[in-house]
Each structure stands twice: as structure tokens, then as C-alpha cells.
Amino acid sequence: MGASNFVEGVDLAFKIIFGISLFFLVGITTVMLYFVFRYNRKRHPRAIQIKDNNILEITWITIPLILVLLMFYYGYVAFSPMRIVPKDAIPITVIGKMWVWTFEYEGGKQSADLVVPLNKAVKLNLHSDDVIHSLYIPAFRIKEDVVPGKNNYMWFIAQQPGEYDILCTVYCGLRHSYMEAKAKVVPEAEYQAWLKALPEKTNEPEGLTILKKNACTGCHSIDGSKIVSTSFKGLYGKTERVITNGSERTVTVDDAYIKTSVYDPDKDLVIGFQKGIMKTYKGIVTEDEITKITDYLKSIK
Ligand SMILES: [Cu+2]
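Residues numbered from 1 in each chain as written. Predicted model: local features only at pLDDT ≥ 70, side-chain atom pairs only at ≥ 80, totals over all residues.

A. The arrangement of the nonpolar core in detail. In this structure, Val-94 and Ile-166 are the most contacted members of the largest nonpolar core, which totals 27 residues. Going through the elements one at a time, β2 (100-104), β4 (114-117), β5 (121-128), β6 (133-137), β8 (152-157), β9 (162-168) and β10 (180-186) are the ones with two or more residues in this core. When residues no more than four places from it in sequence are discounted, the contact partners of Ile-166 are Trp-101, Leu-114, Leu-135, Ile-137, Glu-180, Ala-181, Lys-182 and Ala-183. In terms of nonpolar packing, the next biggest core, distinct from the first, is built from nine residues, Phe-232, Val-253, Ile-293 and Tyr-296 among them. (Core = buried A, V, L, I, M, F, W, Y, C linked by C-beta atoms within 7 Å. Buried ≥ 20, exposed ≤ 12 C-beta atoms within 10 Å, placed from the backbone. Helix = DSSP H or I, 4+ residues; strand = E, 2+ residues; numbered from the N terminus. Contact = placed C-beta atoms within 7 Å.)

B. The arrangement of helix α2 (residues 54-79) in detail. Across its 26 residues, α2 extends 37 Å between first and last C-alpha, which sits within 8% of the 38 Å expected from 1.5 Å per residue. Judged by how many residues are buried, α2 sits mostly at the surface: zero of 26 residues are covered. (Expected span 1.5 Å × (residues − 1).)

C. The arrangement of the domain arrangement of the protein chain in detail. Each assigned domain of the protein chain is listed here: domain 1 (7-83), domain 2 (90-197) and domain 3 (206-299). Here domain 1 and domain 3 have C-alpha centroids that lie 60 Å from each other. (Domains from an automatic or database assignment.)

D. Structural detail: the sheet that holds strand β11 (residues 239-244). Taken together, three strands build an open sheet; the order of strands is β12-β11-β13 and the sheet is antiparallel. What marks the edges here is a single partner per strand, and that holds for β12 (247-252) and β13 (268-270). Taking the axes of each pair of neighbouring strands and ignoring which way they run, one obtains an average angle of 45° across the sheet. Two strands pair when backbone bridges link them, and β11 and β12 are joined in this way by six bridges, in the antiparallel orientation. Within β12, the position partnered with Glu-240 by the bridge is Val-251. (Pairing = 2+ DSSP bridges. Axes fitted to C-alpha atoms, helices over the stretch in contact; angles between N-to-C directions.)

See below:
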């Protein structure tokens, strides 16, 4: 039995299309080699014009027609149930954001990996906070674009307990390739217990929530590790070499410097980085939010 209810249909369509392609690859190659051999100039010096062979023409119209209709039929039979969601499906909201997936369950609890009960229909409501992403669970044979402003969906019944990969399949910026998660399939009782134990949203500092919401944490880690840029850990109060208007100088990271960094990132360019990697957050992050970010950065000195 497949990992989801769609595996059988999709795999069958794949095998049929693959089989037909293989048949033609072998068939055409064989006939071609035969013709090259049989009708080359030495064996067949004078070309003969052949016109109007009705049997041949009807054959090469009918057989390919049947074959493409077969491909269509098996594709259609596999695909159409994917768009008809059972009424009792458990709704889970998927939020795609550069560069992280978040899964939100009924009641508003959130997790970074998708957890679903075995043998239950699950509907994923797909929502993007920024650019186009695409949610792909290869083991389940399902994939759907996650488009800002358009509420797309997909559904499945997981049939095998286990852990499966979730990927983003459209290039959505620098850390696109890190935009991955797991789908964990567990027995129903375990799912209920897990959901109950999942902490309610946000007992985290407001500043951190703002950093995550704006995906600052996609480039700046909060644990000292280096991602795209410097880590926020230990940043506040640190002295740094930057280039301002073409000349190098030393600055101490304080409230004003952080504000400049957010609103005009290229003004004080940290040595070792290129201009334009960080865009300005003018009009996106308010001054009040910068204060909260700064408070948070002070707390992880
Ligand atoms: Cu993405």
C-alpha cells in the first residue's frame, strides 16, 4: 500500500506514460537503424517516391490517438480525485514564507513539521505570506503551488506511519533550498495527544516574533551561527568595521546603528558583505517594531 491514497493512481499513470515512451524509443530507434542499413545509397541507389498509402496513414493516426488517449485517461483518473476533498477532512493551514513552512491546526496551534493522523483525510489550506512557493510531498505524490492572494488547497489520506520529506519546489530566494520540513504520520490517538501537548502560540519575546515575521532570521541567526549575514547573538554593543560613504570606520552597535541598518542597510556596510543583499525595511518595519527588535537584541547579548 502506498504512503498516501494517491500513490497507486499517480504511479500507474507514470508507468503507462513511461511504458509508451519506452516502446517508441525502442521502436523508432530500431526502425531507424534498419532504414539506415537497408536503404543506404549502396543498397538502394535510386529513391522511389511513395504516395497515398491509406492503410499506413490510418494506422499512424489511430494507434497514436489511442495511446495519447490512454495517457490522458490514466492521468485524469489519478488527478481528478485530488481536487475533490472529503467533507470530514481535517483542515490544516500551511503558511509558506521565505524560507520556512508553518503548519497551523484547528485552534491556532502551530508547528514547524506537519503531523497528521493515520488513515484520516487531511485538507491543507495553502497560504503564502510573500512570494510563490510550492508545497511538495513526494512520498504522497502531491504538489501544489502556494500563491500569495490565492487560497489554494490540497488533500490526502496518509496510509503508512513514518516520516516523509516536504519541499518547496519553486525558487523563492536565497535560502529556497533550506525551505523543507517533515510530514509525520502517526496513529490517531498519538496525533491527538501530540496536538494537546503542543504549546499555544507565542510565549516568545515580541521582538523575536517581529524578526521571524519579517524573515530577518532567514539571514541572521539568533544562536551565533553564520547564515547569510552576521548573527544577532552578541551583536548589540559589539564594535564593528563598516564602510560608510566609501571610507572604513569603526562603529559600536547601538539603537541608532540598528535603526540605520534596517532602514538603510547599505549606508553602514559591514566589511565582508556586498551591497544590496539586505533590502530596506522602510514602510515594512515600524519604528516601534525596531525598538522591540532592539530590546530583544539587547536580551541576547
Ligand atoms: Cu519557497
